[in-house]
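Fold and geometry: a report
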Amino acid sequence: MSDTGVMRRCPRCKINLIDDAIVCPLCHGVVESDEDRNMEEASVSVTYPDVSSSIKILRLVIRIVIFAAIVTELTVLIVNYFTFTGVYWSLIVGAGLLYGCVTLLYSVKKRRSMQRIVQAQLYFSLILVVVIDYLLGFKGWSLSYAFPIALAGVDIAMVVLMIVKIDGWQRFIMTEIVVFIISVVLVILNFCGLIHGLIFTFIATVFTGVVLLGTIMFGQKMISNEIKRRFMI
């Protein structure tokens, strides 16, 4: 509370301010004094910072990720059906998506860094599908289909996290660069005839490239500073 003993309140955000600020730290609107409000009413009001908004955002992110996982699994089931080569790799991808959702829920509960979760899930899933493909006789589905779908899925997750402002934009830039490079390598392997599924790889490359370009353009100074810091430029 301010030195004068007056509790200030933002009529728009419905929060109480405990200092002498004359503008709301959230909406930057003018705050008002409310000397008539009793202490009981003030104690049940939301005081800055409003942690409930962060919880709502995290819940929204979880729902979006789970929805995207369901849509992705339905997509790979369809692809697996029309390109069946004797391996039900869509079920393996589904198991990986289930694992990702479970670890996401656990990580959010433990308040782990979201960008590190994305990185760990990406690298683990790519290695896992290649190992499983190899153990099943290596028919190439891991590189042709699972990789492009995983790369596009990771970029979608990062876009959602940036939109809802979970961690700074600059924290995702290195993962985006790695994802784009892997996509380009897959395109090259397709043109060399080493793997198939060019359409999925091409879509993943275009999408990851657009996301990377958009992040650099809209991130501006903080992105350039992060790149300089990472590469010691």
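Described in the following lines is the structure provided in the data block. Treat the numbers as computed from the prediction; the structure is a model and nothing was measured.

Once that is clear, we can look at the nonpolar core. Grouped together as the largest cluster of nonpolar side chains are 26 residues, with contacts concentrated most on Trp89, Leu122, Trp141, Phe147, Leu151, Val154 and Leu186. For this core, the secondary-structure elements that each account for two or more residues are helix H2 (51-82), helix H3 (89-109), helix H4 (114-135), helix H5 (141-163) and helix H6 (173-191). Per element, the largest residue contribution to this core is 11 residues, and it comes from H5. With residues near it in sequence (within four places) discarded, Leu186 still touches Leu143, Phe147, Pro148, Leu151, Ile195 and Thr201.

Between H6 and helix H7 (residues 198-219), the shortest axis-to-axis distance is 9 Å and the interhelical angle comes to 150°. As summarised for this structure, H6 and H7 are arranged roughly antiparallel, according to the angle between their axes. The handedness of the crossing between H6 and H7 is left-handed. For the pair H6 and H7, contact is made by Ile173, Glu176, Ile177, Val179, Phe180, Ser183, Val184, Leu186, Val187 and Asn190 and by Leu198, Thr201, Ala204, Thr205, Thr208, Gly209, Val211, Leu212, Thr215 and Ile216, respectively. For the contact of H6 with H7, a count of residues per class yields 12 nonpolar, 7 polar and 1 charged.

Among the secondary structure elements, Thr175 is positioned in helix H6. Using a relative accessible area of 1% as the deciding quantity, one classes Thr175 as buried.

Attention now moves to H7. Its 22 residues place the ends of H7 31 Å apart at the C-alpha level, agreeing with the 32 Å of an ideal helix rising 1.5 Å per residue. The complete set of buried residues in H7 reads Thr201, Ala204, Thr205, Thr208, Gly209, Val211, Leu212, Gly214, Thr215 and Gly219.

Assignment of secondary structure puts Leu161 in helix H5. Judged by relative accessible area, Leu161 falls into the buried class, the value being 3%. With 96 residues separating them in the primary sequence, Leu161 and Val65 have C-alpha atoms 10.0 Å apart.

Okay, the packing of H5 against H6 next. In contact at an axis separation of 10 Å, H5 and H6 are set at 155° when each is read in the N-to-C sense. Here H5 is positioned roughly antiparallel relative to H6, judged by the angle of their axes. The element H5 and its partner H6 pack so that their crossing is left-handed. Facing H5, whose interface residues are Leu143, Phe147, Pro148, Leu151, Val154, Asp155, Met158 and Met162, H6 presents Thr175, Glu176, Val179, Ile182, Ser183 and Leu186. In terms of residue class, the contact of H5 with H6 is built from 10 nonpolar, 2 polar and 2 charged.

What follows deals with the environment of His196. Relative to the helices and strands, His196 resides in the loop between H6 and H7. Separated by 52 residues in sequence, His196 and Ser144 have C-alpha atoms that sit 5.4 Å apart. If we ignore the near neighbours within four places in the chain, the residues touching His196 are Ser144 and Asn190.

Scoring rules and cut-offs
- Residues numbered from 1 in each chain as written.
- Predicted model: local features only at pLDDT ≥ 70, side-chain atom pairs only at ≥ 80, totals over all residues.
- Heavy atoms only, no water.
- Core = buried A, V, L, I, M, F, W, Y, C linked by side-chain atoms within 4.5 Å.
- Buried < 20%, exposed > 50% of the residue type's maximum accessible area, 1.4 Å probe, protein only.
- Helix = DSSP H or I, 4+ residues; strand = E, 2+ residues; numbered from the N terminus.
- Contact = heavy atoms within 4.5 Å.
- Axes fitted to C-alpha atoms, helices over the stretch in contact; angles between N-to-C directions.
- Parallel < 35°, antiparallel > 145°, perpendicular 65-115°, else oblique.
- Left-handed = near helix turned anticlockwise from the far one by under 90°.
- Nonpolar A, V, L, I, M, F, W, Y, C, P; charged D, E, K, R; others polar.
- Expected span 1.5 Å × (residues − 1).

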